[in-house]
Amino acid sequence: MDRLAGKVALITGSGRGMGKSHAKLMAKEGAGVIVHDIDAALVEEAAAEVRQYGGKVHTIVCDVADTDAYPKAIAAAGKAMGGHIDIL
(Lines give C-alpha, C1' and ligand atoms only; values in the text may rest on other atoms or scores of the structure.)
Protein backbone atom coordinates (compact mmCIF):
# COMPACT_ATOMS: atom_id res chain seq x y z
CA MET A 1 0.00 0.00 0.00
CA ASP A 2 1.18 3.48 -0.78
CA ARG A 3 -1.31 5.67 1.07
CA LEU A 4 1.57 7.80 2.37
CA ALA A 5 3.66 7.95 -0.81
CA GLY A 6 5.48 11.27 -1.04
CA LYS A 7 5.04 12.01 2.67
CA VAL A 8 7.80 12.19 5.29
CA ALA A 9 7.20 10.95 8.83
CA LEU A 10 9.34 11.80 11.85
CA ILE A 11 8.82 9.25 14.61
CA THR A 12 10.41 10.30 17.90
CA GLY A 13 11.52 7.43 20.11
CA SER A 14 11.44 5.03 17.17
CA GLY A 15 14.42 3.01 18.33
CA ARG A 16 12.16 0.54 20.09
CA GLY A 17 8.63 -0.38 21.07
CA MET A 18 5.64 1.48 19.71
CA GLY A 19 7.82 4.10 18.03
CA LYS A 20 9.63 1.44 16.01
CA SER A 21 6.31 -0.22 15.13
CA HIS A 22 4.93 3.11 13.93
CA ALA A 23 8.06 3.80 11.86
CA LYS A 24 7.72 0.42 10.14
CA LEU A 25 4.03 1.01 9.47
CA MET A 26 4.71 4.43 7.95
CA ALA A 27 7.37 2.92 5.67
CA LYS A 28 5.07 0.06 4.72
CA GLU A 29 2.46 2.65 3.72
CA GLY A 30 5.00 4.40 1.48
CA ALA A 31 6.29 7.27 3.61
CA GLY A 32 9.90 8.29 3.94
CA VAL A 33 10.80 7.85 7.60
CA ILE A 34 13.05 9.73 10.00
CA VAL A 35 14.04 7.31 12.74
CA HIS A 36 14.87 9.09 16.00
CA ASP A 37 16.05 8.00 19.42
CA ILE A 38 18.65 8.97 22.00
CA ASP A 39 20.47 5.61 21.66
CA ALA A 40 22.56 5.35 18.47
CA ALA A 41 22.61 1.55 18.45
CA LEU A 42 18.82 1.38 18.67
CA VAL A 43 18.46 3.98 15.90
CA GLU A 44 20.66 1.98 13.52
CA GLU A 45 18.90 -1.29 14.33
CA ALA A 46 15.46 0.26 13.83
CA ALA A 47 16.53 2.03 10.63
CA ALA A 48 17.73 -1.28 9.18
CA GLU A 49 14.33 -2.82 9.94
CA VAL A 50 12.45 0.15 8.48
CA ARG A 51 14.56 0.03 5.29
CA GLN A 52 13.23 -3.47 4.62
CA TYR A 53 9.94 -1.84 3.63
CA GLY A 54 11.63 0.36 1.04
CA GLY A 55 11.60 4.12 0.81
CA LYS A 56 13.99 6.68 2.13
CA VAL A 57 15.15 6.52 5.75
CA HIS A 58 17.09 9.17 7.66
CA THR A 59 18.31 8.85 11.25
CA ILE A 60 18.59 11.26 14.17
CA VAL A 61 20.42 10.50 17.41
CA CYS A 62 19.49 13.32 19.75
CA ASP A 63 17.80 14.05 23.06
CA VAL A 64 14.46 15.85 22.61
CA ALA A 65 15.22 17.75 25.83
CA ASP A 66 18.32 19.34 24.25
CA THR A 67 16.71 22.61 23.21
CA ASP A 68 19.78 23.68 21.24
CA ALA A 69 20.56 20.49 19.31
CA TYR A 70 17.11 19.02 18.70
CA PRO A 71 15.65 21.80 16.51
CA LYS A 72 18.82 21.78 14.40
CA ALA A 73 18.63 18.00 14.03
CA ILE A 74 14.99 18.22 12.94
CA ALA A 75 15.77 20.93 10.40
CA ALA A 76 18.67 18.92 8.96
CA ALA A 77 16.55 15.78 8.76
CA GLY A 78 13.75 17.61 6.98
CA LYS A 79 16.24 19.01 4.49
CA ALA A 80 17.74 15.55 3.93
CA MET A 81 14.28 14.16 3.24
CA GLY A 82 13.37 16.71 0.59
CA GLY A 83 12.71 19.82 2.61
CA HIS A 84 9.60 18.86 4.52
CA ILE A 85 8.19 16.75 7.32
CA ASP A 86 4.52 15.91 6.91
CA ILE A 87 3.84 13.60 9.84
CA LEU A 88 5.11 13.88 13.41
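Our structure is the block above this text.
Criteria and cut-off values
Within any chain, residue numbers begin from 1 and follow the written order of that chain's sequence. Owing to the predicted nature of the model, reporting of local features is limited to residues with pLDDT of at least 70; listing and counting of side-chain atom pairs is limited to 80 or more, with chain, interface and lining totals taken over all residues. The side-chain numbers reported here are obtained from all heavy atoms of the structure, hydrogens and water having been left aside. Runs of E in the DSSP output that reach at least two residues are strands. Runs of H or I that reach at least four are helices, and both are numbered from the N terminus. In this treatment the radius of gyration is a C-alpha quantity, and the globule benchmark scales as 2.2 Å times the residue count to the 0.38 power. Every residue pair with non-hydrogen atoms within 4.5 Å of one another is taken to be in contact. Reported accessibility uses the Shrake-Rupley method at a 1.4 Å probe radius. Residues are deemed covered only where the shown protein chains occlude them. By this rule, a helix spans an expected 1.5 Å times one less than how many residues it contains. Three exposure classes are used, based on accessible area relative to the maximum for each residue type with a 1.4 Å probe and protein chains only: buried under 20%, partly exposed in between, and exposed over 50%. For this quantity, the arc is that covered by the directions from the helix axis to the C-beta atoms. In plain words, nonpolar cores are sets of buried Ala, Val, Leu, Ile, Met, Phe, Trp, Tyr and Cys residues tied together by side-chain atoms within 4.5 Å.

Describing the overall build of the protein chain
And then number 1: Each helix and strand in the protein chain was counted, giving 3 helices and 3 strands.
And then number 2: Overall, the protein chain shows an N-to-C arrangement of helices and strands of β-α-β-α-β-α.
And then number 3: Its C-alpha atoms give the protein chain a radius of gyration of 12 Å, within 12% of the compact-globule value 12 Å for 88 residues.
And then number 4: Reported as C-alpha extents along the three principal axes, the dimensions of the protein chain are approximately 35 × 25 × 15 Å.
And then number 5: The long-range fraction of contacts in the protein chain, counting pairs at least 24 apart against all pairs at least 6 apart in sequence, stands at 57%.
And then number 6: Of the roughly 4900 Å² of accessible surface on the protein chain, 56% is carried by carbon and sulfur atoms.

Here's the deal with helix H1 (residues 17-28)
And then number 1: Between its terminal C-alpha atoms H1 stretches 17 Å, which fits the 16 Å expected from 12 residues at 1.5 Å a residue.
And then number 2: Taken together, the buried positions of H1 are Gly19, Lys20, Ala23, Met26 and Ala27. The arc that holds every buried residue of H1, seen down its axis, measures 125°, which confines them to one face. Opposite the buried face of H1, by more than 90 degrees, sit the exposed residues Met18 and Lys28.

Digging into the nonpolar core
And then number 1: Among the nonpolar cores identified, the biggest contains 14 residues, and Ile11, Ala23, Met26, Val33, Val35, Val50 and Val57 are the most heavily contacted of them.
And then number 2: Here this core gets 4 residues from one element, more than from any other, and that element is helix H2 (residues 40-51).
And then number 3: Among residues more than four places away in sequence, those in contact with Ala23 are Ile11, Ser14, Val33 and Val50.
And then number 4: Listed in part, the 9 residues of the second largest apolar core include Leu10, Tyr70, Ala73 and Met81.

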